[in-house]
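What the coordinates show
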Amino acid sequence: MNSSETLVTVAASKPMWVDTHVHLNFDGLQENLDVIAHNWRQAGVVRLVHSCVEPSEFAAIRAIADRFPEISFAVGLHPLDADKWDAGSAQQILGLAESDQRVVAIGEMGLDFFKAENRDHQVKVFIAQLEIAQRLDIPVIIHCRDAAAEMAEIMRSFWQSQGAVKGVMHCWSGTPEETQWFLDLGLYVSFSGIVTFKSAVQVQESARMVPSDRILVETDCPFLSPVPKRGERPNQPAYVCYVAEQVAQLRQVALESLAIETTANACHLFKLPLPAIQPSVQVPQLL
Ligand SMILES: [Zn+2]
Ligand SMILES: [Zn+2]
């Protein structure tokens, strides 16, 4: 650059992303958040939705959101922690959700039948949280592992008897047939690093079939680093770009189009404010 040029910051034309599922309070990320945030901002991640596996995390998650204005968050109880549900849990989750305007969802909640011995209890806790979300009129973040048929059945009867709830099937790993069940229930479908794994043929097929107004992307960091970072720990929000690149390729759409669609979908589902951080690039401009 010579003296007749200067650096100016302009609104970037580079894609903007929403990472719709992160756990920044987990080890591997929470010690290093300034660097992790620098990385996601560089990568064009303009908003993040922080998940919650149990209500006791709420204060830590809120403290992280205090540091980074682009973070919204959820409150809920994960199915693998369902045994922690007690008589006061519903009221606790409801109260926490109402305590902060940055709470945009109930979750993560759902069914995880991989190795589970408490299926009936998981179902009870799942339904109780659907009721909270319905009462607050906010979406649910759903974790579903080895339980798609049971979950779809529970939802169909809940929708029929009590009305539909909005939400997202997060870290989706289902078959196209299963995907269609949840699309029919009005849900969004979010893809994680799993979609980049060579063996995940069914998931890739699912990523091709979700309508463009229902698709989301996420990292589920610190878990499930996408190819080409597979095996690297921790995963981080900046890597949502690798998930997106794979999804765009599968759908044969431009990365920019997928960014516009998924960001609009995330803002619509979670009622997110417009991006808090505009990605910016330093470009030389002639004076
Ligand atoms: Zn999950
Ligand atoms: Zn999660």
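A short tour of the structure in this document, coming up. (Residues numbered from 1 in each chain as written. Chains lettered and ligands numbered in written order. Predicted model: local features only at pLDDT ≥ 70, side-chain atom pairs only at ≥ 80, totals over all residues. Heavy atoms only, no water.)

**Some points on the coordination of the zinc ion (ligand 2)**
Put simply, the ideal angle at a metal is 109.5 degrees for four donors in tetrahedral geometry and 90 or 180 degrees for six donors in octahedral geometry. Donor atoms from the polypeptide that bind the zinc ion (ligand 2) are H21 (NE2), H23 (NE2) and E108 (OE), placed at 2.0 to 2.1 Å. Each donor residue of the zinc ion (ligand 2) lies on one chain, and together they are spaced H-x1-H-x84-E. The metal-metal distance between the zinc ion (ligand 2) and the zinc ion (ligand 1) is 3.5 Å, with E108 coordinating both. With H23 in the loop between β2 (17–22) and α1 (33–42) and E108 in strand β5 (residues 103–112), this residue pair connects regions lying 85 residues apart in the sequence. Looking at H23, the relative accessible area reads 1%, which means it is buried. Look at E108 and you get buried, because its relative accessible area is 2%. (Donors = N, O, S within 2.8 Å, 3.2 Å for Na, K, Ca; no water. Helix = DSSP H or I, 4+ residues; strand = E, 2+ residues; numbered from the N terminus. Buried < 20%, exposed > 50% of the residue type's maximum accessible area, 1.4 Å probe, protein only.)

**Describing the nonpolar core**
Residues I106, F182 and F191 are the most contacted members of the largest nonpolar core, which totals 81 residues. Those residues within four positions of I106 in sequence are excluded, and the remaining contacts are V75, I93, A97, Q129, I132, A133, L136, I138, P139, V140 and I141. Counting residues in each nonpolar core, the second largest holds 14 residues, with A105, I141, Y188 and L269 among its members. (Core = buried A, V, L, I, M, F, W, Y, C linked by side-chain atoms within 4.5 Å. Contact = heavy atoms within 4.5 Å.)

**Some details on the pattern of salt bridges**
Should their charged atoms come close, side chains of opposite charge can pair. Inspection of every chain in the model, using the stated rule, returns nine salt bridges. Of the charged contacts, one joins R102 and D66 as a salt bridge, the two residues approaching to 2.8 Å between their closest N and O atoms. Linking R102 in the loop between α3 (89–99) and β5 with D66 in helix α2 (residues 58–67), this pair joins segments that are 36 residues apart in sequence. On the basis of relative accessibility, which here comes to 26%, the residue R102 falls in the partly exposed class. By relative accessible area, which is 54% here, D66 ends up exposed. Note that E153 is salt-bridged to R156, the shortest N-O span being 3.2 Å. Within this pair, E153 and its partner R156 are both found in helix α5 (residues 148–162), separated by three residues, close to a single helical turn. The exposure class assigned to E153 is partly exposed, which follows from its relative accessible area of 47%. Salt bridges sharing partners connect three or more residues here, namely E54, D81 and K84. (Salt bridge = Lys/Arg side-chain N within 4 Å of Asp/Glu carboxyl O.)

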